[in-house]
Amino acid sequence: MSEDHRPIALIMALRKQGILDRRVLSAIERTPREMFVEQPFQASAYENHALPIACGQTISQPYIVAYVTEQLELDAKHRVLEIGTGSGYQAAVLAPLCRMVYTIERHRPLLKDAEARFAALKLHNIVTRCGDGLAGWAEQEPFDRILLTAAVVEVPQILINQLKPGGILVAPVGGFAPTESISQHLVKIIRTDGATTSETLIPVAFVPMVPGLPREA
Ligand code: SAH
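Residues numbered from 1 in each chain as written. Predicted model: local features only at pLDDT ≥ 70, side-chain atom pairs only at ≥ 80, totals over all residues. Heavy atoms only, no water.

### Side note on the overall build of the protein
- Helix and strand content of the protein: six helices and nine strands.
- What you see for the protein is a C-alpha radius of gyration of 16 Å, in line with the 17 Å of a compact globule of 217 residues.
- With respect to the three principal axes, the spread of C-alpha positions in the protein is 55 × 40 × 40 Å.
- Counting every position in the protein, which comprises 217 residues, the buried fraction comes to 51%.
- Long-range contacts, defined as pairs at least 24 residues apart, comprise 54% of the intrachain contacts of the protein with a sequence gap of at least 6.
- Of the charged side chains in the protein, 21 are positive and 23 negative; the average position of the first set lies 4 Å away from that of the second. (Helix = DSSP H or I, 4+ residues; strand = E, 2+ residues; numbered from the N terminus. Rg over C-alpha atoms; globule rule 2.2 N^0.38 Å. Buried < 20%, exposed > 50% of the residue type's maximum accessible area, 1.4 Å probe, protein only. Contact = heavy atoms within 4.5 Å. Lys, Arg positive; Asp, Glu negative; His and termini not counted. Charge placed at Lys NZ, Arg CZ, Asp CG, Glu CD.)

This is the structure in structure tokens:
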């Protein structure tokens, strides 16, 4: 298959898997995933699976990126917080679908690479921060949407507090020892006035959310 057809083949695969939101599919189609993966994995950039990135982390499977993006029910006016920038791929997919993406990463080298990709793609509505995302982003709250792209055992209340009423938070919740990888599920929390509702979605396998900063940051 020639390179130019790979994004189309990926979109067809995602449609078969049940991703039907045209805006989400179009954002995925327009985001060159080969820019977000390391050199040795270029040939697999459009295959529908997760790949390793620097600092022992992973870029999520396109199906999962598409699925969570659909679940966020984005609107062009939304301000979205992503915790776990990683390669920047998920943030780049969110950017054309909302007003602003605020993304936090604890590994500075990953964040630097992601920032260079956002600049090259002229994604000027992504704001980055190096830090511990478990505290959220107090200066920019409240958010319409919050997405965690690393797994937590429990969604921290501080993050739910940074959601607007009516806001949606999506997070992988559960254990992350290798033998327990399928014990995680995506959870969708909707904040209503004074309460929250929670829905368990599909099983997933994300890297763990790690508190604090690594030594090099
Ligand atoms: N969204 C990414 C994939 C993320 S992998 C992409 O599209 O490529 C999860 C990321 O979360 C990793 O890069 C990891 O370093 C980061 N992470 C883990 N714990 C964190 C924390 N407490 N604060 C910020 N980032 C964190």
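### Quick word on the sheet that holds strand β8 (residues 184–192)
- Pairing in this open sheet of seven strands is mixed, and the strands run β5-β4-β3-β6-β7-β8-β9 from one edge to the other. A single partner strand is all that each edge strand has here, and the edge strands are β5 (126–130) and β9 (195–204). The mean angle between the axes of side-by-side strands here comes to 15°, regardless of whether they run parallel or antiparallel.
- Across five bridges, the pairing between strand β3 (residues 79–83) and strand β4 (residues 100–105) is parallel. From the neighbouring strand, Glu82 faces β4, where its bridge partner is Thr103.
- Lying on the sheet, helix α3 (residues 62–71) is in contact with β6 (143–148), β7 (163–173), β8 and β9; it crosses β9 at an angle near 160°.
- Set on the sheet, helix α5 (residues 108–120) makes contact with β4 and β5; between it and β5 the angle comes to about 165°. (Pairing = 2+ DSSP bridges. Axes fitted to C-alpha atoms, helices over the stretch in contact; angles between N-to-C directions.)

### Some remarks on the pattern of salt bridges
- Tallying each qualifying case throughout the model produces five salt bridges.
- Salt-bridge contacts for Lys188 lead to Glu73; the nearest nitrogen and oxygen are separated by 2.6 Å. Of this pair, Lys188 sits in strand β8 while Glu73 is found in the loop between α3 and β3, placing the two residues 115 residues apart along the sequence.
- Of the residues examined, Lys188 reaches a relative accessible area of 5% and is grouped as buried.
- For Glu73, a relative accessible area of 44% corresponds to the partly exposed category. (Salt bridge = Lys/Arg side-chain N within 4 Å of Asp/Glu carboxyl O.)

### Description of the pairing of β7
- The buried fraction of β7 amounts to eight of the eleven residues, a majority that puts the element mostly inside the structure.
- Examined bridge by bridge, β6 and β7 share four bridges and lie parallel to one another. In the strand pairing of β7, Phe143 is matched with Leu163.
- Two strands pair when backbone bridges link them, and β7 and β8 are joined in this way by six bridges, in the antiparallel orientation. The residue bridging Val170 from the neighbouring strand is Lys188, located in β8.

### Quick notes on the site of the ligand
- Around the ligand, the surrounding shell holds 26 residues, and the nearest of these are Ser87, Glu105, Asp132, Gly133 and Val210.
- Interatomic distance of 3.3 Å between a backbone N/O atom of Arg106 and a nitrogen atom of the ligand.
- A distance of 2.7 Å is found between a nitrogen atom of the ligand and a backbone nitrogen or oxygen belonging to Val210.
- Contact with the protein chains covers 99% of the free accessible surface of the ligand, which is 590 Å². (Near = heavy atom within 4 Å. Polar contact = N/O pair within 3.5 Å; in protein donor to acceptor, adjacent residues only side chain to side chain. Areas by Shrake-Rupley, 256 points an atom, 1.4 Å probe, with all protein chains shown as cover.)

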